[in-house]
2 protein chains.
Amino acid sequence: MKANIAIVQAGGPTSVLNASLAGFLEAAASSERYHHVLGFCNGIEGLIKNQVMHLEGLSKARLDALKSQPGAVLGAGRYPLTPERLSKVCCNLQLREISQLVLVGGNGTMWAADQIAEACPDVQVVGIPKTVDNDLWGTDHSPGYLSAAKFIGEAVRSLALDLWAMRNFERVRVVEVMGRNVGWLAAAGSLAQTSLPDYPPLHFYLPEHPFELEKFFTKVDEHLHRYPCLLVIVSEGIRLADGSPVAEFEIGRCKVPGGAAQMLSSELRNRGIPSRSEVLGILQRANTWSVCERDRQEAIFLGKQAIGVLGQGKSKVMLGLPAETVDFAEDSKAQWVDLKSVAGLERPVAPCYLTESGIDPSFTAWLQNKMGEPLAEANSALQVWKLAAEQLSSNPVNRQSR
Amino acid sequence: MKANIAIVQAGGPTSVLNASLAGFLEAAASSERYHHVLGFCNGIEGLIKNQVMHLEGLSKARLDALKSQPGAVLGAGRYPLTPERLSKVCCNLQLREISQLVLVGGNGTMWAADQIAEACPDVQVVGIPKTVDNDLWGTDHSPGYLSAAKFIGEAVRSLALDLWAMRNFERVRVVEVMGRNVGWLAAAGSLAQTSLPDYPPLHFYLPEHPFELEKFFTKVDEHLHRYPCLLVIVSEGIRLADGSPVAEFEIGRCKVPGGAAQMLSSELRNRGIPSRSEVLGILQRANTWSVCERDRQEAIFLGKQAIGVLGQGKSKVMLGLPAETVDFAEDSKAQWVDLKSVAGLERPVAPCYLTESGIDPSFTAWLQNKMGEPLAEANSALQVWKLAAEQLSSNPVNRQSR
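Within any chain, residue numbers begin from 1 and follow the written order of that chain's sequence. Ligands are numbered from 1 and chains lettered from A, in the order in which they are written. The predicted nature of this model means local features are confined to residues of pLDDT at least 70 and side-chain atom pairs, given and counted, to a pLDDT of 80 or more, with totals for whole chains, interfaces and linings taken over all residues. Side-chain numbers here rest on the full set of heavy atoms in the structure, without hydrogens or water.

## Points about the overall build of chain A
Consideration 1: Helix and strand assignments follow DSSP, with helices taken as H or I runs no shorter than four residues and strands as E runs no shorter than two, numbered in order from the N terminus. The number of helices and strands found in chain A is 15 helices and 15 strands.
Consideration 2: Projected onto the principal axes, the alpha-carbon positions of chain A cover approximately 90 × 45 × 30 Å.
Consideration 3: Accessibility here uses a 1.4 Å probe with only protein chains present; expressed as a share of the type maximum, an area under 20% marks a residue as buried, one over 50% as exposed, and anything in between as partly exposed. Looking at the 402 residues of chain A, the share that counts as buried comes to 61%.
Consideration 4: Across chain A, the fraction of contacts at a sequence separation of at least 24, relative to all contacts at a separation of at least 6, is 76%.
Consideration 5: Only the protein chains shown count as covering a residue, and every accessible area follows the Shrake-Rupley method with a 1.4 Å probe. Counting every atom, chain A has about 14,700 Å² of accessible surface; 51% of that belongs to carbon and sulfur.
Consideration 6: Of the side-chain charges in chain A, 39 are positive and 43 negative, and the distance between the mean point of each set is 3 Å. When checking whether two residues touch, look at their non-hydrogen atoms; a contact exists if any pair is within 4.5 Å. In summary, the charge assignment counts Lys and Arg as positive and Asp and Glu as negative, without counting His or the chain termini. Charged side chains are reduced to one point each, which is NZ for Lys, CZ for Arg, CG for Asp and CD for Glu.

Okay, here's the thing in structure tokens:
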């Protein structure tokens, strides 16, 4: 007898979350093992409220289009799973005779997946990693991260060139990047530096190192003695030595990280240094134009692999990308780990990728290798300027007028 | 005898400000009328402080690269022109025997250009329009605007799909767009709607209409009765009926528009409606990836035309783009207007482009025609969802569980 299978997209969307869904649906359709292929809506909420849609009838053209759509077509979102709600989930899965369940999400979703697997022993449960923050263990990196990293690299590069042009008006620009409690996304700003080798060094502040305000001021002062302007990249989740966040704000009953850039640029202005803040915001996880092709392919790959792993009878596992580059043409396989080994845990940036003052070049090399594509070239403008700066300093009229 | 000519980039950078510079330099090099081709650095500040660079030796490869660089390679920035400083400018132009001066900038720069032309009667002064805000009179639209508009269209589209996915967590997202005192950029958000015809209507608030908080609340409530989520686009410069800004903040001694989105989403949360704000920020004027090809070509075109118009002996004029599409292959000519007719003036969005509740479709059609390229297709995900929504409402289990 054919089985019923269901999928859930949970947490915040990414640029390639729908690509995983499309890969899953393609593989489910071609496996011929399934009667109904269902999607629960709005993440965990749909599992609890029993809101599903039938996905078995989607055309190939629609699936192909879906592979390039940001967002989460099923609806994702945040919704806490309480014990009472968990038993509703089990009822709903039973009611619809669903024997296989796939959850695409981050470490919170993997925790929920593990809870569901424990509570509904008749259901095979498999997780697919998805997070722009890249804070999941058990996978080399998570689908969603590379596209967000590419966007951040291009955005930081653009903001750096803009600041260079505005340096008589604004000397320090503080850019806030997503990432929750880890610095993988902020570290991706180092891509901009490889693309602008002549630019003054960027400064990075990640949650992996305690933030010290006085040290921050000292480094700003030292930098401005040598260079006309400074671009600082801060993680939204930076914390003081006592563990308290540098800044956060409340939305309803949720505390959300954010506000560090605004706070720091305000502190700089109080010290007489012209400074502004920029928040890269939700475009980091939502943008359509900086999707990393390899990220998209990896998301599709893991969606397909879920069907394969379920066919092997596996359950209570999260799929992951191996450290070596996946060859999509070959019959590459995903790796998997126990859900319990990743559920609710956060993976910080590896210490070897961080230096006392910033990002180790080995991190940027690793990231570029994973992305498999460079940022567009953008150093010409600065080279022109460098010529100019040399002229300026060698020109007696200019020297006199300074 | 060959003349010396100089160019200045002033105000905030755009994605195509360097393209105008490159066009100017190409035409200057091929005209053979010039001895020195100079660039003043850091906008008006460089004119005052006599900081120049020699630009005549740049290779074709470097000029071609410059055409795709965001920012302002000469440095731009804001620097007030006082009477005392104006006489310094005249001295510096005389000192370097500069008889032709080109300023690329917005309405503030055109005011400065007019002042300089009056104070230095021996210097031919020509302005090239440049503003993402599109608030200059005397030209159909300004270089910089179309690229910023394209970015905003794509960003709003991405944020709309993301909000759709997160609608169980966040019902109203308020997106703040640049534009100073006019709504051309906010109106460009309507591009997203053409690209997502099935999306709930977007709401727009522009400085051209006085903002009323109670009316805003009423419209939000009405919308949320009919749709699961709402994306609101507000200009940074929206004002109350008494002319005071809805929000602004201070950077040093400057008052800068901004903060309206944050304020409005906070007000909504106070009324129990889950809401967040997003500020598109400086990427609107700085981004490298959403450059509109026609915008870039128009910027190059006007840079070249400046040399032609100066050759005809014109002065005290600003070049402009005609209403009809420029044919770059043909020998199209720029139009020009007296500097005095544009200096310091702001052009609001034409009333015919605005409806009581938003943006008239004729505006979006005009903008798409000017851009000459569509946004990428992105409606598939919503079509899939629409199918789902129909299933949900026709499914007795779902109805029961609501």
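## Topic: the sheet that holds strand 3 (residues 52-54) of chain B
All names here are of chain B.
Consideration 1: The pairing criterion is simple: DSSP has to find at least two bridges between the two strands. One open sheet holds the seven strands; their spatial order is 3-2-1-4-5-12-13, and the pairing between them is mixed. A single partner strand is all that each edge strand has here, and the edge strands are strand 3 and strand 13 (335-338). In this sheet, neighbouring strand axes are inclined to one another by 25° on average, regardless of whether the strands run parallel or antiparallel.
Consideration 2: In this structure, strand 5 (residues 124-129) lies alongside strand 12 (residues 317-320), joined through two bridges in parallel fashion. The partner of Gly127 across the bridge, within strand 12, is Met318. Axis lines are fitted to C-alpha atoms, over the contacting stretch for helices. Their N-to-C directions set the angle, which ranges from 0 to 180 degrees.

## As for the state of the cysteines
Consideration 1: By definition, disulfides here are pairs of cysteine sulfur atoms that lie within 2.5 Å. Counted according to the given criterion, the structure contains two disulfides over all chains.
Consideration 2: Here A:Cys90 connects covalently by a disulfide to A:Cys120, the sulfurs 2.4 Å from one another. Because the torsion about its S-S bond is -85°, the bridge between A:Cys90 and A:Cys120 counts as left-handed. Here the residue A:Cys90 occupies a position in helix 4 (residues 83-95), and A:Cys120 occupies one in the loop between helix 5 (107-119) and strand 5 (124-129), the gap between them amounting to 30 residues.
Consideration 3: Of the residues examined, A:Cys90 reaches a relative accessible area of 15% and is grouped as buried.
Consideration 4: Of the cysteine sulfurs around A:Cys229, a residue in no disulfide, the closest is that of B:Cys41, at 14 Å.
Consideration 5: With relative accessibility at 0%, the residue A:Cys229 sits in the buried group.

## Focus: the side chain of A:Lys370
Residue and element names in this part refer to chain A.
Consideration 1: With respect to the helices and strands, Lys370 occurs in helix 13 (residues 361-371).
Consideration 2: Any pair of nitrogen or oxygen atoms within 3.5 Å is treated as a polar contact; in protein, a donor-acceptor pairing is required on top of that, and neighbouring residues in sequence qualify only through side-chain atoms on both sides. Side chain to side chain, Lys370 and Asp140 meet in a polar contact 3.1 Å long.
Consideration 3: Those residues in contact with Lys370, other than ones at most four positions away along the chain, are Asp140, His141, Leu146, Arg294 and Ala323.

## Remarks on the environment of B:Asn107
Residue and element names in this part refer to chain B.
Consideration 1: Relative to the assigned elements, Asn107 resides in helix 5 (residues 107-119).
Consideration 2: Residue Asn107 is classed as buried on the basis of its relative accessible area, which comes to 14%.
Consideration 3: Taking the C-alpha atoms as reference points, Asn107 and Val256, separated by 149 residues in sequence, lie 17 Å from one another.
Consideration 4: What Asn107 contacts, discounting residues up to four positions off in sequence, is Asp135, Leu136, Val342, Ala343, Gly344, Leu345 and Glu346.

## A short note on the UniProt feature "binding site: diphosphate" (unreviewed entry) in chain A
Residues and elements named next belong to chain A.
Consideration 1: UniProt positions are given in the numbering used here, feature names are shortened, and annotations may be inferred rather than shown by experiment. UniProt tags Gly12 as "binding site: diphosphate" (unreviewed entry).
Consideration 2: Note that Gly12 resides in the loop between strand 1 (3-9) and helix 1 (17-31).
Consideration 3: A relative accessible area of 10% means that Gly12 is categorised as buried.

## A closer look at unusual backbone geometry
Residue and element names in this part refer to chain A.
Consideration 1: Although it is not a glycine, Asn42 adopts a positive phi angle of roughly 60°.
Consideration 2: With respect to the element layout, Asn42 can be found in the loop between strand 2 (34-40) and helix 2 (44-49).
Consideration 3: Unusually for a residue other than glycine, Lys316 sits at a positive phi of about 55°.
Consideration 4: Tracing the chain through its elements places Lys316 in the loop between helix 12 (293-311) and strand 12 (317-320).

## Re the packing of helix 6 (residues 145-165) of chain A against helix 13 of chain A
Each pair of packed helices gets described by two things: the angle between the helix axes and the distance between those axes.
All names here are of chain A.
Consideration 1: Where helix 6 contacts helix 13, the axes come no closer than 10 Å and their chain directions differ by 115°. Between helix 6 and helix 13 the crossing geometry is left-handed. Taking contact as the criterion, the partners of Tyr145, Leu146, Ala149 and Lys150 in helix 6 are, on helix 13, Phe363, Trp366, Leu367, Lys370 and Met371.
Consideration 2: Taken together, the residues of the contact of helix 6 with helix 13 break down into seven nonpolar, no polar and two charged. Helix crossings get a hand from a simple test, with the near helix turned counterclockwise from the far one by less than a right angle marking a left-handed crossing and a clockwise turn marking a right-handed one. By the convention adopted, Pro, Cys, Tyr, Trp, Phe, Met, Ile, Leu, Val and Ala count as nonpolar, Lys, Arg, Asp and Glu as charged, and the other residues, Gly among them, as polar.

## Some remarks on the pattern of salt bridges
Residue and element names in this part refer to chain A.
Consideration 1: Salt bridges are defined by distance alone: a side-chain nitrogen of Lys or Arg within 4 Å of a carboxyl oxygen of Asp or Glu. If you walk through the whole model with that rule in mind, you get 38 salt bridges over all chains.
Consideration 2: For the salt bridge of Glu26 with Lys67, the shortest nitrogen-to-oxygen distance reads 2.6 Å. In this pair, Glu26 sits in helix 1 while Lys67 sits in the loop between helix 3 (60-66) and helix 4, placing the two residues 41 residues apart along the sequence.
Consideration 3: When salt bridges that share partners are traced, they join Glu26, Lys60, Asp64, Lys67 and Lys304 into one network.

## A word on helix 10 (residues 260-270) of chain A
Residue and element names in this part refer to chain A.
Consideration 1: Residues of helix 10 that are buried: Ala260, Ala261, Leu264, Ser265 and Leu268. With its buried residues spanning 120° around the axis, helix 10 presents them on a single face.
Consideration 2: In this structure, the buried side of helix 10 is in contact with strand 6 (172-177), helix 9 (213-226), strand 8 (230-235) and strand 11 (275-279).
Consideration 3: Looking at the residues trailing helix 10, positive phi occurs at Gly272, about 85°. This arc is built from the directions going out from the helix axis to the C-beta atoms.

## Structural notes on the pairing of strand 12 of chain B
Residues and elements named next belong to chain B.
Consideration 1: Alternating positions in strand 12 separate into two faces, Val317 and Leu319 on one and Met318 and Gly320 on the other, with burial throughout.
Consideration 2: Two elements, strand 12 and strand 13, share four bridges in a ladder whose sense is antiparallel. Bridging from a neighbouring strand, Gly320 pairs with Gln335 of strand 13.

## A closer look at the packing of aromatic side chains
All names here are of chain A.
Consideration 1: Between rings of Phe, Tyr and Trp, where Trp is taken as its six-membered ring, a pair exists when centres lie within 6.5 Å; planes separated by under 30 degrees are stacked, by over 60 edge-to-face, and by other angles tilted. Inspection of every chain in the model, using the stated rule, returns 31 aromatic pairs over all chains.
Consideration 2: An angle of 70° between the planes, with centres 5.5 Å apart, marks the rings of Tyr205 and Phe216 as edge-to-face. Here the residue Tyr205 occupies a position in strand 7 (residues 203-205), and Phe216 occupies one in helix 9, the gap between them amounting to 11 residues.
Consideration 3: The exposure class assigned to Tyr205 is buried, which follows from its relative accessible area of 13%.

## Some thoughts on the nonpolar core
Consideration 1: With 96 residues, the main nonpolar core has A:Tyr145, A:Leu367, B:Tyr145 and B:Leu367 as its most contacted residues.
Consideration 2: Those residues in contact with A:Tyr145 that lie beyond four places of it in its chain are A:Thr131, A:Val132, A:Asn134, A:Trp184, A:Leu185, A:Ala188, A:Asp295, A:Phe363, A:Trp366 and A:Leu367. Each nonpolar core is a collection of buried residues, namely Ala, Val, Leu, Ile, Met, Phe, Trp, Tyr and Cys, held together in the definition by side-chain atoms within 4.5 Å.

## Brief notes about the packing of helix 1 of chain A against helix 12 of chain A
All names here are of chain A.
Consideration 1: The geometry of helix 1 relative to helix 12 is characterised by a closest axis approach of 7 Å and an angle of 35° between their N-to-C directions. As helix 1 packs across helix 12, the resulting crossing turns out to be right-handed. Taking contact as the criterion, the partners of Ala19, Ser20, Gly23, Phe24, Glu26, Ala27, Ala28 and Ser31 in helix 1 are, on helix 12, Arg296, Ala299, Ile300, Gly303, Lys304 and Ile307.

## Concerning the environment of B:Thr82
Consideration 1: Within the fold, B:Thr82 resides in the loop between helix 3 (60-66) and helix 4 (83-95).
Consideration 2: Note: C-alpha distance between B:Thr82 and B:Leu95 (13 residues apart in sequence) is 20 Å.

## Some details on the confidence of the model for chain A
Consideration 1: Residues at a pLDDT of 70 or more form 93% of chain A, whose mean pLDDT is 91.
Consideration 2: The predictor reports its confidence for every residue as pLDDT, a score running from 0 up to 100. Considering only residues more than four positions removed or in separate chains, one finds that residues 396-402 of chain A, a stretch of pLDDT under 50, has 16 contacts.

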